[in-house]
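Fold and geometry: a report
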Amino acid sequence: MKILMVCLGNICRSPMAEGIMRSKINKYKLDAEVDSAGFESFHTGDAPDFRAVRVMKQHGIDISRQQSRLFRKSDFDTFDLIYVMDSGNYQDVHSVAVSKDQMNKVDYILNAISPGSNTAVPDPYYGGDDGFERTYHLLDKATEKIAIELINGGQ
Ligand code: 4NP
């Protein structure tokens, strides 16, 4: 199972989602891989935002070596599940999709814990450290549920 986490800058939410999901993959020994990508090229090649790195480190997860990259059309072929953080990301992914099958792989990550609600993971980029802490907890809950579903679904 290949999972892609998507946000706008690929320096805050989706790198955190990638790091937390990887820790679940390791914890539950899942046969799965995870990556992340964004739609804004401003930070391409950069490490995640230092506040994201710091909060994740406080929770025992090192994301300092991850690098921002852009979403590419081939991600629809490479990945089985594509999780977006908000409606802007959903629209961005939708704008490059060429088939319904491709969009069937895409869902809002918080639908894992609030099915069908299409709730956004708020972007912590412009706020303080507490925003990153809140992001961590939302993503921790969602990725835990995704991991359990992968176990129950037999992958
Ligand atoms: P992210 O947050 O989408 O959670 O990585 C952002 C970080 C940077 C920018 C936008 C969103 N930016 O435009 O620089």
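Read on for an overview of the structure. (Residues numbered from 1 in each chain as written. Predicted model: local features only at pLDDT ≥ 70, side-chain atom pairs only at ≥ 80, totals over all residues. Heavy atoms only, no water.)

Below, the discussion takes up unusual backbone geometry. The phi dihedral of N10 is positive, around 55°, even though this residue is not glycine. By the secondary structure assignment, N10 is in the loop between β1 (2-6) and α1 (13-27). Its relative accessible area of 2% is what places N10 among the buried residues. Within the chain, N118 stands out as a residue other than glycine whose phi angle is a positive 50°. Assignment of secondary structure puts N118 in the loop between β4 (106-108) and α6 (129-152). (Helix = DSSP H or I, 4+ residues; strand = E, 2+ residues; numbered from the N terminus. Buried < 20%, exposed > 50% of the residue type's maximum accessible area, 1.4 Å probe, protein only.)

Two aromatic rings, taken as a pair, are described by how far apart their centres are and by the angle between their planes. Going through the model one piece at a time under the given rule, you end up with four aromatic pairs. Between F39 and F71 the ring centres are 5.1 Å apart and the planes differ by 20°, which places this aromatic pair in the stacked class. Here F39 is found in the loop between β2 (33-37) and α2 (50-58), whereas its partner F71 is found in the loop between α2 and α3 (75-78), with 32 residues between them in sequence. On the basis of relative accessible area, F39 is assigned to the partly exposed category, the value being 25%. According to the relative accessible area criterion, F71 is buried, its value standing at 11%. Judged by centre distance (5.2 Å) and plane angle (10°), the ring pair of Y90 and Y108 falls under stacked. Here Y90, found in helix α4 (residues 87-96), pairs with Y108, found in strand β4; they are 18 residues apart in sequence, far enough to count as distant. Residue class for Y90 comes out partly exposed when judged on its relative accessible area of 26%. Among the residues examined, Y108 registers a relative accessible area of 8% and is labelled buried. Each member of the aromatic cluster is reached from another via a ring pair, and the members are F39, F71 and F76. (Phe/Tyr/Trp six-rings, centres within 6.5 Å; stacked < 30°, edge-to-face > 60°.)

Our focus in this paragraph is the side chain of R69. Secondary-structure assignment places R69 in the loop between α2 and α3. A polar side-chain atom of R69 sits 3.0 Å from a polar atom in the side chain of D75. Apart from the residues lying within four places of it in its own chain, the contact partners of R69 are L4, N10, D35, S36, A37, G38, D75 and F79. (Polar contact = N/O pair within 3.5 Å; in protein donor to acceptor, adjacent residues only side chain to side chain. Contact = heavy atoms within 4.5 Å.)

Another point: the layout of surface pockets. One number sums up the size of the largest pocket: a volume of about 200 Å³. In terms of lining residues, the largest pocket is bounded by 13 residues, among which L8, G9, D123, Y125 and Y126 are the most central. (1 Å grid on protein atoms, 1.4 Å probe; cavity = no way out; pocket = protein on both sides within 12 Å on 5 of 7 lines; lining within 4 Å. Points joined across faces, edges and corners; volume = space filled by probe spheres on them.)

Strand order in the open sheet made by the four strands is β2-β1-β3-β4, with parallel pairing throughout. Two strands bound the open sheet, and with one partner strand each, they are β2 and β4. Here the strands of the sheet are splayed against their neighbours by 25° on average, with no regard to which way each runs. Judged from the five bridges that link them, β1 and β2 form a sheet pairing that is parallel. Its bridge partner lying in β2, V6 is registered against A37. (Pairing = 2+ DSSP bridges. Axes fitted to C-alpha atoms, helices over the stretch in contact; angles between N-to-C directions.)

What follows deals with the site of the ligand. Contacts to the ligand come from C7, L8, G9, N10, I11, C12, R13, E40, F42, H43, D123 and Y125. Within the side chain of H43, a nitrogen or oxygen atom sits 3.1 Å from an oxygen atom of the ligand. Between the ligand and D123 there is a distance of 3.0 Å, counted from an oxygen atom to a side-chain nitrogen or oxygen. Protein contacts shield 93% of the accessible area of the ligand, which totals 350 Å² for the unbound molecule. Spatially, the ligand is embedded in the largest pocket. (Near = heavy atom within 4 Å. Areas by Shrake-Rupley, 256 points an atom, 1.4 Å probe, with all protein chains shown as cover. Sits in = over half its atoms within 2 Å of the grid points.)

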